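Report on the structure
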Amino acid sequence: MASAVSSSLMSPVRFCLHRSLCSRASRTVSANCFGERILCPAQGAAALCRQTNSPRWDGARGLFSRGGGGAAVEQQTLESIAKSIREQRYKRVVVMAGAGISTPSGIPDFRSPGSGLYDNLQQYNLPYAEAIFEINFFHRNPEPFFALAKELYPGNYRPNVTHYFVRLLHEKGLLLRMYTQNIDGLERLAGIPPKMLVEAHGTFATATCTVCRRTYEGEELRSDVMKGTVPKCPTCTGVVKPDIVFFGEELPQNFFKYLTDFPLADLLIIMGTSLEVEPFASLSGAVRGSVPRLLINRDLVGPFAWSSSRPHDVAQLGDVVSGVEALADALGWTQELKALMENASTTKSEE
Ligand SMILES: [Zn+2]
């Protein structure tokens, strides 16, 4: 573990907070991205992570980047991007999102001491917070995960303007796909159709028996999860696990839609993510070099913070909700967005 952390410090990609996920995911991407099987032992995690900076990876990036760079280009702004969306010059928008779009909905960070969730998990004597997402730990002791599941199960939190903004993009026929790292399901709750989503770290919407692999709808587990009971498979009595991607598990198959989505995109919007978890973070480099990338985030992150930023990159820094509202305003969508949210909350209260 120490090697993963120290290596990540040498890497321009400041990640590896999610050590095992990083190793597993990088391996999977290597295998799929370059058409060859690169299967390395788990302890090779750090080396694999560093491949984001290797000639091999840069080669792939070059492939994605063809057509960009070189000649002098006009600096983009939030307003110029909004204008191009309005004029339908950008109509295949890919959105990447992380935890920063969920915190305005009140989703607690289970790693932060003082958050109710963290305190709640202390009773389980986790060796460290991330053990809750380690598959081997889960097989021995699924209870802490289900305590978290009870908190995050769809229904406890409501989507916010960032989620509805993406739904509006979809309703206007402009969304190519949304890639999210979040497992709270707020994207679905906001009405973004599942086929428009790549939930890179999985979802509570479906579940699978850890023994016989029978699949379930998330709703079938709800009463057990809410009672604090570990859900068991009626067929084989195995533990039924929500389809959240744990450290040590494969990414969802549809993650690999990025291979066709990103080269097709004409605008990439990145919001509320530190771009620290691979392979998600490297997706930001998978759009063509001529494609503008708009970062709506508290800080400069990933390529926006390095010398590898591109002339078309735009950063709208500060509060994510304010950034999305500024974009909606520049698009002239503020009223429409408000109406969409009001409509959704009325529908919800009528349920
Ligand atoms: Zn079973």
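Residues numbered from 1 in each chain as written. Predicted model: local features only at pLDDT ≥ 70, side-chain atom pairs only at ≥ 80, totals over all residues. Heavy atoms only, no water.

1. Looking at the coordination of the zinc ion
Applied cut-off: For Na, K and Ca the donor cut-off is 3.2 Å, while for other metals it is 2.8 Å, and in both cases only N, O and S atoms qualify; water is not among them, so sites may look incomplete. Irregular is the default label, applied whenever a site is not tetrahedral (four donors, all angles between 85 and 135 degrees) and neither square planar nor octahedral (four or six donors, opposite donors over 155 degrees apart, all other angles between 65 and 115). The numbering of helices and of strands both runs from the N terminus, where a helix is a DSSP run of H or I of at least 4 residues and a strand a run of E of at least 2. Only protein chains enter the accessibility calculation, which uses a 1.4 Å probe. A residue is then buried if its area is under 20% of the maximum for its type, exposed if over 50%, and partly exposed in between.
On the protein side, the zinc ion has Cys209 (SG), Cys212 (SG), Cys233 (SG) and Cys236 (SG) as donor atoms, found 2.2 to 2.4 Å from it. In this structure, the zinc ion is surrounded by four donor atoms whose angles at the metal cover 97 to 117°, and the resulting shape is tetrahedral. Within one chain, the residues serving as donors to the zinc ion are arranged as C-x2-C-x20-C-x2-C. Of this pair, Cys209 sits in strand β4 (residues 202-209) while Cys233 sits in the loop between α11 (218-227) and β6 (240-244), and the two are 24 residues apart along the sequence. For Cys209, a relative accessible area of 0% gives the class buried. For Cys233, a relative accessible area of 2% gives the class buried.

2. Focus: the pattern of salt bridges
Any two side chains of opposite charge can pair, given that their charged atoms come close. For clarity, the threshold we go by: Basic side-chain nitrogens of Lys or Arg form a salt bridge, by our definition, when they fall within 4 Å of a carboxyl oxygen of Asp or Glu.
Per the counting criterion, the structure on display carries 10 salt bridges. Asp224 is the partner of Lys227 in a salt bridge, and the nearest nitrogen-oxygen pair spans 3.8 Å. Taken together, the residues span about one helical turn, with Lys227 and Asp224 both in helix α11 at a distance of three residues. Within the structure, one salt-bridge network assembled from shared partners comprises Lys83, Glu87 and Arg89.

3. Let's talk about the sheet that holds β4
Here is the rule we go by: Only strands that DSSP links by at least two bridges are regarded as paired with each other. Note on method: axes are straight lines fitted to C-alpha atoms, helices fitted across the in-contact stretch only, with angles between N-to-C directions ranging 0 to 180 degrees. Should any heavy atoms of two residues lie within 4.5 Å, those residues are counted as being in contact.
Pairing within the open sheet is antiparallel, and its three strands lie in the order β5-β4-β6. Each of the sheet's edge strands pairs with one partner strand only, and the pair in question is β5 (215-217) and β6. In this sheet, neighbouring strand axes are inclined to one another by 40° on average, regardless of whether the strands run parallel or antiparallel. Relative to β5, β4 runs antiparallel, the two being bridged by three bridges. Directly across from Thr206, in β5, lies its bridge partner Glu217. Relative to β6, helix α8 (residues 143-152) is tilted by about 60°, and along the sheet it contacts β4 and β6. Along the sheet, α11 contacts β4, β5 and β6; its crossing angle with β5, the most-contacted strand, is approximately 75°.

4. Comments concerning the sheet that holds strand β3 (residues 197-199)
What the six strands build is an open sheet, ordered β3-β2-β1-β7-β8-β9; its pairing is parallel. Of all strands in the sheet, those bounded by a partner on one side alone are β3 and β9 (314-317). Ignoring which end each strand starts from, the neighbouring axes of this sheet average 15° apart. Across five bridges, the pairing between strand β1 (residues 93-97) and strand β7 (residues 267-271) is parallel. When the sheet's bridge partners are listed, Ala97 is paired in β7 with Met271. Packing of helix α5 (residues 78-86) onto the sheet brings it into contact with β7, β8 (293-297) and β9, and relative to β9 it is tilted by some 115°.

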